[in-house]
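Commentary on secondary and tertiary structure
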Amino acid sequence: MERVPDILIRFAKSRLSQLRHANCCTMAEEKAAEHIITVAGYFSTVPKPKQINCIRQLMDDILLLIPSESSRFQKLRQKILDLIHQYQSKNALLEKPPGP
C-alpha cells in the first residue's frame, strides 16, 4: 500500500499542474497545493500508523483542490476520497463512547 504523504504530494503536484495548464489556477488553489506538499512532506517522516492524521490538517486544502465528479480525473478523485473516508472511519472508531 502506498504511503499517505506520497499520495497527497502526488495529488497536489498533479492538480496544480493541471490547473496551471488550463490557466484557471487561483492564488488560493496554489497556496492549498503548496500547503499540502509541505505538511505531507513533514508527515512522511512520522511512523506509518500516524501518517493518516495529516488528513485532518489538510482537509480544507484537499477539498479545495479535489476534481469534480465529471472531470477526467475520476481515479485521482476516488483515491483522495478513499483516504478521507479511511481517516474518518479511523476517528469514528476512536471516538465511540464506552458501552454499558
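Let us look at the structure shown here. (Residues numbered from 1 in each chain as written. Predicted model: local features only at pLDDT ≥ 70, side-chain atom pairs only at ≥ 80, totals over all residues. Heavy atoms only, no water.)

Helix length check: helix H2 (residues 27-43) (17 residues) gives 24 Å between terminal C-alpha atoms against 24 Å at 1.5 Å per residue, within 8%. What H2 keeps buried is the set Glu 29, Ala 32, Ala 33, Ile 36, Val 39, Ala 40 and Phe 43. Along the long axis of H2, the arc covered by the buried residues comes to 140 degrees, so they all point the same way. Of the exposed residues in H2, those oriented more than 90 degrees away from the buried face are Met 27, Lys 31, Thr 38 and Tyr 42. Looking at the buried positions of H2, the neighbouring elements they touch are helix H1 (4-21), helix H3 (48-51) and helix H4 (54-65). (Helix = DSSP H or I, 4+ residues; strand = E, 2+ residues; numbered from the N terminus. Expected span 1.5 Å × (residues − 1). Buried < 20%, exposed > 50% of the residue type's maximum accessible area, 1.4 Å probe, protein only. Arc of directions from axis to C-beta. Contact = heavy atoms within 4.5 Å.)

This model, assessed by the stated rule, comprises one aromatic pair. Taken together, a centroid distance of 5.3 Å and an interplanar angle of 85 degrees make the contact between Tyr 42 and Phe 43 edge-to-face. The class for Tyr 42 is exposed, based on a relative accessible area of 53%. (Phe/Tyr/Trp six-rings, centres within 6.5 Å; stacked < 30°, edge-to-face > 60°.)

Right, let's talk about unusual backbone geometry for a bit. In this model, Asn 23 sits at a positive phi of 55 degrees, which is unusual for a non-glycine residue. Positionally, Asn 23 belongs in the loop between H1 and H2.

Turning next to the pattern of salt bridges. Counted under the stated rule, the structure contains three salt bridges. Here Arg 20 and Glu 30 are joined by a salt bridge, their closest N and O atoms 2.8 Å apart. Taken together, the positions of Arg 20 in helix H1 and Glu 30 in helix H2 put the pair ten residues apart, joining distant regions of the chain. Relative accessible area serves as the criterion here: at 43%, Arg 20 is assigned to the partly exposed category. Measuring nitrogen to oxygen at the nearest pair gives 3.7 Å for the salt bridge that ties Arg 77 to Glu 69. (Salt bridge = Lys/Arg side-chain N within 4 Å of Asp/Glu carboxyl O.)

This is a description of form; function is not addressed.
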